[in-house]
Number of protein chains: 2
Amino acid sequence: MKAEIIAVGTELLLGQIVNTNAQYLSQELAALGIDVYFQTVVGDNPERIRKAIVTARERADLLVFTGGLGPTLDDLTKDVLAAYLNRGLSLHKPSMDKIEELFSSRGVHMVESNRRQALSIDGSVPLHNAAGLAVGNALTEDGTHYMLLPGPPREMKPMIDGPGKEWLRTLLGHEQPLYSRLLKFAGIGESNLEAKLLDLIEAQVDPTIAPYAKEGEVAIRVSTKAATQAEADGKIDATVEQIIERIGEHLYAQEDIPLEEAVIQLLRTSRRKLASAESCSGGLLAELITSVPGSSGEYTGGVVTYTNEMKHALLGIPLAQLEGEGAPGAISESTAALMAERVQKLANSDFGVSITGVAGPAESEGKPVGLVYIAISERGKETVVYPLQLSGSRTIIRVRAVKTLLYRLWLAIQN
Amino acid sequence: MKAEIIAVGTELLLGQIVNTNAQYLSQELAALGIDVYFQTVVGDNPERIRKAIVTARERADLLVFTGGLGPTLDDLTKDVLAAYLNRGLSLHKPSMDKIEELFSSRGVHMVESNRRQALSIDGSVPLHNAAGLAVGNALTEDGTHYMLLPGPPREMKPMIDGPGKEWLRTLLGHEQPLYSRLLKFAGIGESNLEAKLLDLIEAQVDPTIAPYAKEGEVAIRVSTKAATQAEADGKIDATVEQIIERIGEHLYAQEDIPLEEAVIQLLRTSRRKLASAESCSGGLLAELITSVPGSSGEYTGGVVTYTNEMKHALLGIPLAQLEGEGAPGAISESTAALMAERVQKLANSDFGVSITGVAGPAESEGKPVGLVYIAISERGKETVVYPLQLSGSRTIIRVRAVKTLLYRLWLAIQN
């Protein structure tokens, strides 16, 4: 099946927001085995939306719309598609009840335009909106399938993941579904990973092997079509085994979770706790770790000692270590070690980790941009320090330093 | 002039990357007064790229392509457009020299396919690539303008900003250029801001007033076409004055900077320093502040005291304040005040700020998700605590708490 994703919204054409919906939907449709051939963005203009429908019908079997389901007069997707198909619009009772309930529970008068969000194209399947008020729609006419989803990602995602996919699966019917498994790697760059798997990637037929990279992490999706989950697992397992043979030490998860979540999970199962001391990363490590829900059980907290005075005041590092003729300085192996050791003791945690270096834009202490020391102090063990020479912008250096530390920590917890 | 942005790349259709180029180009074209009516994404397939050109020609005067200029056989944009226009491709000597120079300086044998990056459509204007090897192209035929830009954002941006815009400006010729000014607001929601400016927004003709929102910040772009900067300034000033009259206390910048940068600037000019103590925000405040280059002069650092033990160990807050029958608890007005005061004293800074609350997903201390206390302690002044009741996901609650604190701090520094 060939699909086209059509995002409706003038704010996209003005560049006020980025079209992340297209990425999410493309991934989800690919995972179902549906090929996306085009993505289109069109403004809140009825004639141009209509033209986009005509064009898309010529090149796709499935048109997935996002946006334009809201209450305002700018929200036109349902109206235009209904007119194009010569169908009417009717109130979807459960959606209308939900809207009225919400307003009465808030004791607020309901503006009449909110009724528009409960409208449904006649003869379509209503798609429940678990996170908002606008009901979605799905229908088939003359061999073309149409699906209408809301624009805000937090409403769009649960709708496609729930009732949207259910509807698509019935469409796909007898076609063999696509099964896939995501492998996540750390401590290895995308090009290095690709080089090590090149012959596998080039020879791939079934399952397919698709690598892609995010800053500091690399993922591989292994996919195959099969009649059953068991049949798929058999095929995928064999490929995964070949991959693990070559780069298994970098594989931290067989599901789509960030590295910090894998670290928190490991700490949890091994009943250990972590504290952090950051300098150049400025709290990014703490922020990533605490973005994992429930991390307060494993992460006690930490310090962001951006200045030498704070390294002294909070961690008790002697100023003579940090400043003056012949001192190692804040950006040094010994300061990194001290930071990790002191925060581990202060927090009475099992692990203390630290990051100190030069994120840029300018050098510091006469040391070059990108020089970063990361350290891991484990209760009762020798502290280990890793010097890194990173490249990229200030932001990228910070991210890479933090992800490298998380990878080293992930290895350390397992030993 | 009507434009269509066409991104070429199968990786976009697979959802491996998000199309940030479309956003950037839409903003830049809008700033030149060029209307973007459609954005299209098409894969690395010659027949479908050709169809995308045919469709775009029917609905736009200017086609801006990104991607498909690289060395591999998948990079097809120039080939397909040249064939469509019945033109040839020739080597652009300066680009070829640059490629050969690069390879010989590295002492690496040049793979023949790299020559493809120096190809230029006959009769087109070559666009210099300041950050990479693939040369861009610009040309006009039969009243349609074509511009070919590379896909990687770090190559695309300097090309459009430099030679790309120069070429577009000559196209626009006698048309008056568009001038605009960005106003940034904090401490006010988008709907509230719109409500206060509704009559101005509805009556707008020239200058135009376009509000848009990012999490915790709201921006307004005021734009007008004029012959000179001075003429534009006169018109824009008058509109800005009307806006300031109504919501001036929320206006923190007349340029596109985040709130944390405005706070750092204010601290710098008033020669004051800041320290932070975070609980539920987990380092997000520190991370945002230190993402501003040069912030180490104004931000000393802080603590992320995620557990009660750390609030006690690092800040010396009595455990009796935090736990046990009748204690105020970690999520309380008095703990927020203590955290701000203690970190201000520890850092010997002018301001100490704190955030403690329930980011979710579950309640804590029997207190509801979204309840957050923020506090500001200023040397020699009474500490001020603000209780907030925020809604949204864990991530959104954290961002809103931090941005609200930054807004309150921004006000406090000025008093």
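Residues numbered from 1 in each chain as written. Chains lettered and ligands numbered in written order. Predicted model: local features only at pLDDT ≥ 70, side-chain atom pairs only at ≥ 80, totals over all residues. Heavy atoms only, no water.

Under an unreviewed UniProt entry, the name given to chain A is Putative competence-damage inducible protein, and the organism recorded is Paenibacillus algorifonticola.

(A) View of the pairing of strand E9 (residues 178–186) of chain A. All names here are of chain A. Within E9, seven of the nine residues are buried, which leaves the element mostly enclosed by the surrounding structure. Bridge count between E9 and strand E11 (residues 217–225): nine bridges; the pairing is antiparallel. From the neighbouring strand, lysine 184 faces E11, where its bridge partner is alanine 219. Relative to strand E12 (residues 251–253), E9 is paired through two bridges, and the arrangement is antiparallel. Its bridge partner being in E12, lysine 184 is matched across the sheet by alanine 253. (Buried < 20%, exposed > 50% of the residue type's maximum accessible area, 1.4 Å probe, protein only. Helix = DSSP H or I, 4+ residues; strand = E, 2+ residues; numbered from the N terminus. Pairing = 2+ DSSP bridges.)

(B) Focus on the sheet that holds strand E14 (residues 299–305) of chain A. Strand order in this open sheet of ten strands is E17(A)-E16(A)-E15(A)-E13(A)-E14(A)-E14(B)-E13(B)-E15(B)-E16(B)-E17(B), and the pairing throughout is mixed. The sheet is open, and its two borders are formed by strand E17 (384–389) of chain A together with strand E17 (384–389) of chain B, each paired with just one other strand. The sheet shows a mean angle of 15° between the axes of neighbouring strands, direction not considered. Inspection of the sheet shows strand E15 (residues 351–357) of chain B paired to strand E16 (residues 371–378) of chain B by seven bridges, in the antiparallel sense. Looking at the pairing, glycine 357 of chain B lines up with valine 372 of chain B of E16 of chain B. Of the strands in this sheet, strand E13 (274–278) and E14 of chain A together with strand E14 (299–305) of chain B touch helix H11 (residues 308–315) of chain A, which is tilted by about 145° from E14 of chain A. (Axes fitted to C-alpha atoms, helices over the stretch in contact; angles between N-to-C directions. Contact = heavy atoms within 4.5 Å.)

(C) Fine view of the pattern of salt bridges. If you walk through the whole model with that rule in mind, you get 38 salt bridges over all chains. Here arginine 272 of chain B makes a salt bridge to glutamate 378 of chain B, at a shortest N to O gap of 3.2 Å. Residue arginine 272 of chain B is located in the loop between helix H9 (259–269) and strand E13 (274–278), and its partner glutamate 378 of chain B is located in strand E16; the two are separated by 106 residues in the primary sequence. Taken as a pair, arginine 272 of chain B and glutamate 378 of chain B share a single burial class, namely buried. Via salt bridges that share partners, Glu28, Asp161 and Lys165 of chain A belong to a single interconnected network. (Salt bridge = Lys/Arg side-chain N within 4 Å of Asp/Glu carboxyl O.)

(D) Region of the structure containing the environment of alanine 327 of chain B. Residues and elements named next belong to chain B. Along the chain, alanine 327 turns up in the loop between helix H12 (319–322) and helix H13 (333–347). What makes alanine 327 partly exposed here is its relative accessible area of 22%. Each residue touching alanine 327, except ones within four places of it in the same chain, is listed here: Ala320, Gln321 and Leu322.

(E) Structural detail: the relation of the copies chain A and chain B. Under the fitted operation, chain A is carried onto chain B by 0.9 Å of movement along the axis and a turn of 180°, and the coordinates agree to an RMSD of 1.1 Å. This pairing of chains is accounted for by a two-fold axis. Closest approach to the rotation axis among the C-alpha atoms of chain A is made by valine 303 of chain A, whose C-alpha sits 1.7 Å away. Looking at the interface residues of chain A, 100% of them are also at the interface in chain B, so both copies use one shared face. (Least-squares fit on C-alpha atoms with pLDDT ≥ 70 in both.)

(F) Molecular detail of the UniProt feature "domain: MoaB/Mog" (unreviewed entry) in chain A. Feature annotation in UniProt assigns "domain: MoaB/Mog" (unreviewed entry) to the following positions: residues 4–171 of chain A. Across residues 4–171 of chain A, helical content stands at 42% and strand content at 23%; the span's end C-alpha atoms are separated by 16 Å. (UniProt positions renumbered as here; feature names shortened; annotations may be inferred.)

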